[in-house]
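# Examination of the molecular architecture
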Amino acid sequence: MKSMHQLFKNLFFVILVVSLFSSCNRKDNSVIQSNNWQTIYQNDDLDLFSIKFLDKDNGFVFGGLTAYTRPYWQLLLTTTDGGNHWTSDTCKLTAMIYGGIFPLNKEKILGVGDHVFKSSNTGETWTDLTAQLPVGSRTFGSYIIDSLTWIFTRSGEIYRTINAGQTWQMVYNISSGSIYENFTFPSSLVGYTSSGGIVMDITVGPGGSSGSILKTNDGGQNWTILNPEPWKSNGSTMPYLNALQFITDQIGYIATYDSKLYKTVDGGNSWVLVHNNHYSNGLQHFISEKIGYYSDGVTVYVTNDGGKTWTVDNYNNTQDSDILYWTFLETGQGYALTRDHRILKNNF
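Below you will find a few notes about this structure. Just so it is clear, the model here is predicted, and its values are computed rather than measured.

Below, the discussion takes up the overall build of the protein. Helices and strands together make up the secondary structure of the protein, namely three helices and 28 strands. Long-range pairs, those at least 24 residues apart, make up 44% of the contacts in the protein with a sequence separation of at least 6.

What follows is the structure in structure tokens.
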């Protein structure tokens, strides 16, 4: 009887130690404790592709049925209360909208794919604004400077309109065949875009990368390629850029293919390494010079010191729960779309 009593005592002690050890692990694991992005919408029948907010209340999402029926991108989700409630409407647009959605106001919306489409009635009907541009070319990058001035990259060429798509002008021809995708305009006149590619070796995988940055000082009419430091002095090629963003005309950040974060304070002429372990997967956004986010899809990181240090803001390694696209308001409020058909909102 005594030995049985001792056995129970030993068993209780083991359970207690294991419990305390597990509790300590949970306490020390910032990943488990930091989940600051919450699901505000889910529909397993919809693939959600592009999201943009006009203001703190009005948001828009393009979606298509997961069954890949035609037309594919055929649903437009809208919210008027910051994402608390969403309304789904059939979108009479047969083209694929993979390049983004850009609301000009509550009724006027641009949808970018192989062509640029415009709706003046919140997606009920659409007009092709780029029918006169090269047939079969794909839109790789786009930026809406204001209600009239828009920039798009198609087939290695940058096009610009100053009359809301009535006419287009080719303002830059990328003869090398590079494609400029990431556009950022910190002001109406000064803008930047980046390009590059990954050098592949079929035997060992990615072998290197190369990239470049173009700059405009006149709202996208003329573009100049930069030759920045430290790559200029090193005689090396600038790496491929996963992300590019300027907070002001002079201050900007880039994330490179080799997992580095750089900062410039002189309009892109020179860049200083800020963080050496920075895999952004193209998902990076700075709210200010100090506050920023980046993600590898599974984990969202946040910085409050300009990218020098990062902490986990959200973590979810459930299969297919990775973040594919996101958007932020100037206030820091963020929204994201996941592979498993959800819309997330951060607790900013």
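Tyr41, Leu48, Ile51, Val61, Leu77, Trp86 and Ile343 are the most contacted members of the largest nonpolar core, which totals 13 residues. When residues of this core are traced back to their parent elements, those giving at least two are β2 (46-53), β4 (75-79) and β27 (334-338). The biggest single contributor to this core is β2, with four residues. Those residues within four positions of Val61 in sequence are excluded, and the remaining contacts are Leu48, Ser50, Ile51, Leu75, Leu76, Leu77, Trp86, Ile101, Leu337 and Ile343.

Quick look at the packing of aromatic side chains now. Going through the model one piece at a time under the given rule, you end up with 22 aromatic pairs. Summarising the aromatic geometry, the rings of Phe246 and Trp271 are spaced 5.9 Å apart at their centres and angled 80° between planes, so their arrangement reads as edge-to-face. Of the two residues, Phe246 is situated in strand β18 (residues 241-246) and Trp271 in the loop between β20 (261-264) and β21 (272-275); the sequence distance between them amounts to 25 residues. Grouping residues by exposure puts Phe246 and Trp271 together as buried. Judged by centre distance (3.8 Å) and plane angle (0°), the rings of Tyr253 and Phe286 are stacked.

Counting buried residues along strand β3 (residues 59-65), six of its seven residues qualify, which places the element largely inside the surrounding structure. Relative to β3, β2 is paired through seven bridges, and the arrangement is antiparallel. In the strand pairing of β3, Leu48 is matched with Gly63. A loop of five residues connects β2 with β3, the two strands running antiparallel in sequence.

Next up on the list: unusual backbone geometry. The peptide bond linking Glu229 to Pro230 adopts the cis configuration, its omega dihedral lying at 5°. If you trace the backbone, Pro230 turns up in the loop between β17 (224-225) and α3 (231-234). Although it is not a glycine, Thr122 adopts a positive phi angle of roughly 55°. Secondary-structure assignment places Thr122 in the loop between β8 (116-119) and β9 (127-128). Judged by its relative accessible area of 28%, Thr122 falls in the partly exposed class. Its identity is not glycine, yet His341 carries a phi of approximately 70°, on the positive side. By secondary structure assignment, the location of His341 is in the loop between β27 and β28 (342-346). Overall, the relative accessible area of 16% leaves His341 in the buried class.

Following the criterion strictly, the structure yields five salt bridges and no others. Of the charged contacts, one joins Asp57 and Lys56 as a salt bridge, the two residues approaching to 3.3 Å between their closest N and O atoms. Judged by relative accessible area, Lys56 falls into the exposed class, the value being 60%. In this structure, Asp340 and Arg342 form a salt bridge, with 3.0 Å as the shortest nitrogen-oxygen distance.

This next bit is on the environment of Leu261. Position of Leu261 relative to the elements: it lies in strand β20. For the pair formed by Leu261 and Val272, sequence separation is eleven residues and the distance between their alpha carbons is 8.5 Å. Leave out the neighbours within four places in its chain, and Leu261 touches Tyr253, Ile254, Val272, Leu273, Val274, His275, His278, Gln284, Phe286, Gly307 and Trp310.

Conventions adopted
- Residues numbered from 1 in each chain as written.
- Predicted model: local features only at pLDDT ≥ 70, side-chain atom pairs only at ≥ 80, totals over all residues.
- Heavy atoms only, no water.
- Helix = DSSP H or I, 4+ residues; strand = E, 2+ residues; numbered from the N terminus.
- Contact = heavy atoms within 4.5 Å.
- Core = buried A, V, L, I, M, F, W, Y, C linked by side-chain atoms within 4.5 Å.
- Buried < 20%, exposed > 50% of the residue type's maximum accessible area, 1.4 Å probe, protein only.
- Phe/Tyr/Trp six-rings, centres within 6.5 Å; stacked < 30°, edge-to-face > 60°.
- Pairing = 2+ DSSP bridges.
- Salt bridge = Lys/Arg side-chain N within 4 Å of Asp/Glu carboxyl O.

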